[in-house]
Structures are given as structure tokens and as C-alpha cells.
Amino acid sequence: MVIDRIIDQCSRALGFLIECFKMILEEPKLLVPSLLSVFFGFIMSLVIIVPFVFMNLFGKLGFYAFGGAVLILLFVSYAFSYFFMGASSYAVYQHIKQGRSSLSDAFSRAFSCIVTLLLLAATAAVIQMIVNMLKNSSKNKGFLLNMIGSLAADVLREGWDIAVRLLVPVAVIAGLGYVDSLKKAFDIVKNNVVIIGVGEISIRILTGIIGFVGVLLSIFAAIGLFFILSGLSFLLALAIAVPVAFVGISLVSTLNLFIRTSYYTMLYVWAEERNVQSSAGGAAQSVPAPLHNAFGI
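Residues numbered from 1 in each chain as written. Predicted model: local features only at pLDDT ≥ 70, side-chain atom pairs only at ≥ 80, totals over all residues. Heavy atoms only, no water.

Some thoughts on the overall build of the protein chain
The helix and strand inventory of the protein chain stands at eleven helices and zero strands. The helix and strand sequence of the protein chain, counted from the amino end, reads α-α-α-α-α-α-α-α-α-α-α. In the protein chain, buried positions account for 41% of the 297 residues. Expressed as a percentage of contacts within the protein chain between residues at least 6 apart in sequence, the contacts between residues at least 24 apart total 75%. A total accessible area of about 15700 Å² is found for the protein chain, and carbon and sulfur atoms account for 73% of it. (Helix = DSSP H or I, 4+ residues; strand = E, 2+ residues; numbered from the N terminus. Buried < 20%, exposed > 50% of the residue type's maximum accessible area, 1.4 Å probe, protein only. Contact = heavy atoms within 4.5 Å. Areas by Shrake-Rupley, 256 points an atom, 1.4 Å probe, with all protein chains shown as cover.)

Quick word on the packing of aromatic side chains
Across all of its chains, the model carries ten aromatic pairs by this definition. Ring centres of Tyr-263 and Tyr-264 lie 5.3 Å apart, and the angle between their planes is 90°; on these two criteria the pair is classed as edge-to-face. When sorted by exposure, Tyr-263 lands in the same class as Tyr-264, which is buried. Among the aromatic residues, those joined into a ring-pair cluster are Phe-40, Phe-80, Phe-83, Phe-84 and Phe-107. (Phe/Tyr/Trp six-rings, centres within 6.5 Å; stacked < 30°, edge-to-face > 60°.)

A short note on the pattern of salt bridges
For the structure on display, the rule yields six salt bridges. Taking the shortest distance from any N to any O, the salt bridge between Lys-29 and Glu-27 comes out at 3.6 Å. Classification of Lys-29 as partly exposed rests on a relative accessible area of 33%. Two residues, Arg-165 and Asp-161, come together in a salt bridge whose shortest N-O distance is 3.3 Å. (Salt bridge = Lys/Arg side-chain N within 4 Å of Asp/Glu carboxyl O.)

Looking at the environment of Leu-236
Looking at where Leu-236 falls in the secondary structure, it is placed in helix α10 (residues 234–279). Assessed through its relative accessible area of 38%, Leu-236 is described here as partly exposed.

Focus on helix α5 (residues 103–112)
Leu-103, Ala-106 and Ala-110 are the residues of α5 that are buried. Viewed along the axis of α5, the buried residues span an arc of 60°, placing them on a single side of the element. What points out from α5, more than 90 degrees from its buried face, is the exposed set Phe-111 and Ser-112. (Arc of directions from axis to C-beta.)

Structural notes on the environment of Met-129
Mapping Met-129 onto the fold places it in helix α6 (residues 114–137). Given the relative accessible area of 23%, Met-129 is considered partly exposed. Considering only alpha carbons, one finds Met-129 and Leu-71, 58 residues apart in sequence, at a separation of 7.3 Å.

Side note on the nonpolar core
In terms of nonpolar packing, the biggest core is built from 52 residues, with Tyr-82, Trp-160 and Val-168 touching the most fellow members. Elements with a minimum of two residues in this core: α1 (2–26), α4 (59–98), α5, α6, α7 (143–174), α8 (178–191), α9 (193–230) and α10. Looking at which element gives the most residues to this core, the answer is α10, with eleven residues. Once residues lying within four places of it in the same chain are set aside, the contact partners of Val-168 are Tyr-82, Met-85, Gly-86, Leu-117 and Leu-120. Ala-222, Phe-226, Ala-237 and Ala-241 belong to the second largest nonpolar core, which has six residues in total. (Core = buried A, V, L, I, M, F, W, Y, C linked by side-chain atoms within 4.5 Å.)

Considerations on the environment of Leu-73
By secondary structure assignment, the location of Leu-73 is in helix α4. Remark: the alpha-carbon pair of Leu-73 and Ser-45, spanning 28 residues in sequence, is separated by 9.3 Å.

What follows is the structure, encoded as C-alpha cells:
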């Protein structure tokens, strides 16, 4: 029974992936919010390094200033990440329901839910600090305590990562506040535990394969260009090869981010469609083609 469910969910994940690439081919602009998220995430990862440079320059004061700076930067990073995720979710939702999307509508919708997204970002920043404290506090306290602390930190981090990918579509598409989004997402998870769990594993496997192959091709392309052009000029070869690798890896990251965002967006819309069918007493309802092809409803 469990094996059958796993096989069924894996086939659904493959069906979703096909629909995802169909959406990209029909509307390449759907990738824009994810691309902006990847670009801004790269910038923020560089900025977050700055507090490490000054942490040891001011003693104990520097340590507290470091913690405060990191917390603020994490909040800003998550805020922009969730904003772009929200815009991406709403654009995918429009595509599913209407056959086309509007990025201006998507960004406007995400901006209208900015309070909820900021609260989610604040929650994420606090959770990340707790994760760091759990990992640091368990160091040098024996193998067992170190393993328990690391495991608890990993469960907390991964649990929030999965939860927020459903919370953002719920908040932006349904236009709900922080507490109502939590309640709505909890209800969806409670009623679809197996689907979400196996679906998450399937999507991670698929995006992992795409990421590995994509990064490998980007690196090989950059190395190939470097050796081809190095005979002309070492600096020219380096100046072309590095951006090619960066752009290639960024595009792969963008694609994977879009796939995961789209999956939870479609999962939310699918759950809502199921509720509509249940309330209609099982009567036949018109279901958007992407949902029908990906989830079989």
C-alpha cells in the first residue's frame, strides 16, 4: 500500500515536472521572479560575510553587534526571497487558472501581502538563529549530544523550509494574514501528509538531478571556452569563462527554485480544487489542465 502510494506520487511528480516545463515554454517570463531571487540571494550572501570581518575587532561588543547584524541581514534576505517567491506563486496561479500571467499583477499582489511576508521573514530569521545556536551549543559536548543537537537543528531548518514554501502561496494567493495563513497551511498538510512528504522527496530528487547535471554542464562549458580562448589571451579566456559558469549555475538555480515554488503553488491550488469538489458532493467540476495532468483530478 505504501509502496503503491510512493510510486503514484513519483509519477505525479514527473507529471508536474512536465507541466512545469510546459509553463516555462509558454511563458518564459514566469522565471523572472525566481531569477531576481537568485540574484538578490547571491548579493545578500556576500553582504552577510561582512559582519564576520568585524566580529573580533571589538571584543564582546563586537560579538553582540555581529549577532544583531546577522539577524537583520537574514531578515532582509528572507524578506526579499519571500517577496519574489510570492510574486512567482501568484504568476503561476494566474497561468494555471487563466492560461496567462501578468508580472505586474504578481508583484502588486505580493506587495499587498508584504506584512504577512515580513512576519514570515522575521520567523525564518529567528529560526535560523535558533538552528545556529543548537548546532553551536552541542559542539564539544560529546558525540551523542552533538548528534542530537545537529539533528534537532536540521529538522527545524528543513521543516521550516518545507512549511514556508506552502505558507507563501497560501498567504499571497488567498490574501490571508500571518495567523490565518498558518492555520490554512496546517489544514492542508494535515489532510495531505503522504502527498506532501513523498512529493517533497520526489521533487528534491528531480531538482537534485537537474542541479547536478546543469552545474556540471556549466562548468564543462566554462572550462571548454577557457581552453579554446586561452591560446588567444589568458585574461580574455578567464573573463569569458567565469561569467559563463556564473550565468549557467544561476540559470540552473533559477530553474530549480521555480520548480519548487511552482510545485507548492500547484499543490495548494490542487487542495483547494479538492475542497470545491468535496463541497459539490463529488459533482464533476471544470479543473485547470495543468492540475489535471499533474495530479490526476
